[in-house]
Number of protein chains: 2
Amino acid sequence: MAGDARLRCQALAGRVMTAGEAVAFIAPGSHVGMSGFTGSGHPKAVPAALVSRVNDAAARGERFAVSVWTGSSTAPELDGALAAVDGIDLRMPYQSDPVTRAKINAGQLDYVDVHLSHVAQMASEGLFGHLDVALVEVAGITADGALVPSSSVGNNSAWIDLADRVILEVNSWQPAELEGMHDIYYGTGLPPHRTPIGILAPPDRIGGPYLRCPPEKIVAVVPTHEPDYGTPFKPPDGDAQLIAGHVVDFLAHEVRRGRLPAALLPLQSGVGNITNAVLAGLGGGAFPPLTAYTEVVQDGMLALLRSGAMTMASATGFSLSEDGLADLHDGIAGYRRQIILRQQEISNHPEVIRRL
Amino acid sequence: MAGDARLRCQALAGRVMTAGEAVAFIAPGSHVGMSGFTGSGHPKAVPAALVSRVNDAAARGERFAVSVWTGSSTAPELDGALAAVDGIDLRMPYQSDPVTRAKINAGQLDYVDVHLSHVAQMASEGLFGHLDVALVEVAGITADGALVPSSSVGNNSAWIDLADRVILEVNSWQPAELEGMHDIYYGTGLPPHRTPIGILAPPDRIGGPYLRCPPEKIVAVVPTHEPDYGTPFKPPDGDAQLIAGHVVDFLAHEVRRGRLPAALLPLQSGVGNITNAVLAGLGGGAFPPLTAYTEVVQDGMLALLRSGAMTMASATGFSLSEDGLADLHDGIAGYRRQIILRQQEISNHPEVIRRL
């Protein structure tokens, strides 16, 4: 294992196993905190093995279901596949899978919709009960056992801190260049012991590049080589471009009236064809180079970063099309200096957002 | 004037005048930023003089209306009286007067409902246009011209900073002991120049006790001696007490489960008979002495402070019944050490609220 560039920690060599073996650490009724934020950084192998266990149990006439806590939405092979076999008791804090949605609306699984910045705090306070297992994709493990986060951070630090047992998927499909991009902050604390979060501008770093986990909690290390989920892509149409034109005009007007700085304030943007059209418009030369403090980096923002119309973006993960995924991997040497990935508690934190 | 305990600033002696004289500084179409938060600290004399001017103009067949920006709701003699004579063009950021509400719903005056912590920022950014006049009640003016805030702070610092002209009502009905209770913070700033707000616990002070105003902007000083508005009082009924019992049980349960500290976290409370019943329940001995970081201090919270069940409360103003007003004045020597009044931008600030 020490010879593998992704698994550099000798102490964990004995815990490398298949997904089918690792899933034995998840029991019926477990609360499982999984990585994953809008299709990036979710576990790719163990959820499928869990579906098999659910099916095997059903064949014996038994019910096997778990609570699934994540960062945000994941991918059909996680949410959709588990919900389809009735393998989910409770889902939180957010999901967008149509199969899962139908089960929720039919009352067949419980769903708690939580503000994405509140999840780690509420889970740490015990509001959702005890966390049994963390199932987290990482991009690598260093020689001294530090975890290189994957293409999303989400609630991974909280899941690892709270869980009794940690299952890691080490995904070599993720670029090795992710190492060093993240800013993982362990100073949040719970009330009444909180202090200000020292982010005064999107590029500020207040933590370190690695997730921490006591090695004795790591019960399984599962090597994978699977892509993130490419969100289906719809190119901007005429309406989207008209909307984008109005938004860009409005922002330029606010700059002219002195109500916004020339380079605007840090952008927060959503996902979709209208957003991509707006971002393309913002990159059209009307403004000095921009910054973003946002939830996810999507295709349009990658284009701004690549062209230099945006100097840097802070987010908790990616939400990319197939083309966007290819672009990210192709340009990772540059993007890694322009993008900071943080915990979703921080990317979506009202203190920082109000300040910026 | 120097001999008057409330008007200790010799330099302003020449600007003392009646409300009828002072109202001449308000022109038709003016944007007027007024003090006042839920019946406390609103101007008591100039609004009535403004109603007279509106009526006089109407008798001549002319329209006289102004935009009224406040802290929050005020009192019938301000909101209701001005709306009744169609003296308001635009009202923001909040109001609860039935006459004004009817005019708004009939489309006869414009209304902008704004998050109370956003108002000062948005006004400072110019989103509501230029502020012509600040009309602010204070409890006194020191020898060197510092303003002793009244029974609410609201947006007064922003109105004074932004307005061309400042009209002060110096209300000697307000207790002289208010001096020193306030914490007025001038470090908020606008993006991208913001830094953390250094409140780590409700008793923390980050500013000073006075409002600042360049003396040359003060065009009128109007002495008054008028009470704050006593919000009609409805004593807790059986239902309110049942609800209060459930809330207290819930909080005690959370403490037993280790999800809340024994003295809870700082309370934020609303206003009304249910709130008063809940606060009475919290004072029943189930918890160590509490604190509050809230918007307004109401009757039930005064009772907690008086009994020692609450050590201190941070707010932006009072919302009291007639009995509560009498209680506040009677016990001001003690309450002044237990209550901190801040700008509503700070009392309602998401950064501080999320932290605490």
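Counting starts from 1 at the beginning of each chain's written sequence and moves along it residue by residue. Whichever chain is written first becomes A and whichever ligand is written first becomes 1, with later ones labelled in order. Per-residue local features are limited, in this predicted model, to residues with pLDDT of at least 70; the limit for side-chain atom pairs, both in listing and counting, is 80 or more; totals at the level of whole chains, interfaces and linings are taken over all residues. For side-chain calculations, the full set of non-hydrogen atoms in the structure is used, while hydrogens and water are omitted.

1. Brief notes about the pairing of strand β2 (residues 66-69) of chain A
All names here are of chain A.
Okay, step 1: Buried, partly exposed and exposed residues are distinguished by accessible area as a fraction of the type maximum, computed with a 1.4 Å probe on protein chains only: under 20%, between the cut-offs, and over 50%, respectively. Secondary structure is summarised from DSSP: a helix means a run of H or I of at least four residues, a strand means a run of E of at least two, and numbering begins at the N terminus for each. Here β2 shows a buried face lined by Val-66 and Val-68 and a second buried face lined by Ser-67 and Trp-69.
Okay, step 2: Two strands pair if DSSP finds at least two bridges between them. Examined bridge by bridge, strand β1 (residues 31-34) and β2 share 3 bridges and lie parallel to one another. For Val-32, the partnering residue across the bridge sits in β2 and is Val-68.
Okay, step 3: Crossover handedness for the path β1 to helix α2 (residues 46-59) to β2: right-handed.
Okay, step 4: Judged from the 4 bridges that link them, β2 and strand β3 (residues 88-92) form a sheet pairing that is parallel. Across the sheet, residue Val-68 finds its bridge partner in β3, namely Arg-91.
Okay, step 5: Here, the term right-handed applies to a crossover whose path from the first strand over the helix to the second runs clockwise when the strands point away from the viewer. The β-α-β motif built from β2, the intervening helix α3 (residues 76-84) and the parallel element β3 has right-handed crossover chirality.

2. Here's the deal with the packing of helix α8 (residues 273-282) of chain B against helix α9 (residues 299-307) of chain B
All names here are of chain B.
Okay, step 1: Axis angles are defined between N-to-C directions and span 0 to 180 degrees, where every axis is a line fitted to C-alpha atoms and, for a helix, only to the segment in contact. For the pair α8 and α9, the least separation of the axes is 8 Å and the interaxial angle reads 15°. The angle between α8 and α9 places the two elements in the roughly parallel class. Between α8 and α9 the crossing geometry is right-handed. In this structure, α8 contributes Asn-276, Leu-279 and Leu-282 to the contact, and α9 contributes Asp-299, Gly-300, Met-301 and Leu-304.
Okay, step 2: Throughout this entry, Asp, Glu, Lys and Arg are counted as charged residues, while Ala, Val, Leu, Ile, Met, Phe, Trp, Tyr, Cys and Pro are counted as nonpolar. The remaining residues, Gly among them, count as polar. Here the contact of α8 with α9 is built from residues that sort into 4 nonpolar, 2 polar and 1 charged. Angles are sorted into four bins: roughly parallel if under 35 degrees, roughly antiparallel if over 145, roughly perpendicular if 65 to 115, and oblique for all others. The crossing is said to be left-handed when, going from far helix to near helix, the turn is anticlockwise and less than a right angle, and right-handed when the turn is clockwise. The contact criterion used throughout is that any non-hydrogen atoms of two residues lie within 4.5 Å.

3. A look at the sheet that holds strand β12 (residues 310-315) of chain A
Through backbone hydrogen bonds, the strands of a sheet pair up, either in parallel or in antiparallel fashion.
All names here are of chain A.
Okay, step 1: Taken in spatial order, the 4 strands line up as β8-β14-β12-β10 in an open sheet, and their pairing is parallel. The open sheet is flanked by β8 (182-183) and β10 (290-293), the only strands paired with a single partner.
Okay, step 2: One ladder, built from 3 bridges, connects β12 with strand β14 (residues 339-342); its direction is parallel. Directly across from Ser-314, in β14, lies its bridge partner Ile-340.
Okay, step 3: Those strands touched by helix α9 (residues 299-307) are β10, β12 and β14, and its axis lies near 140° from that of β12.

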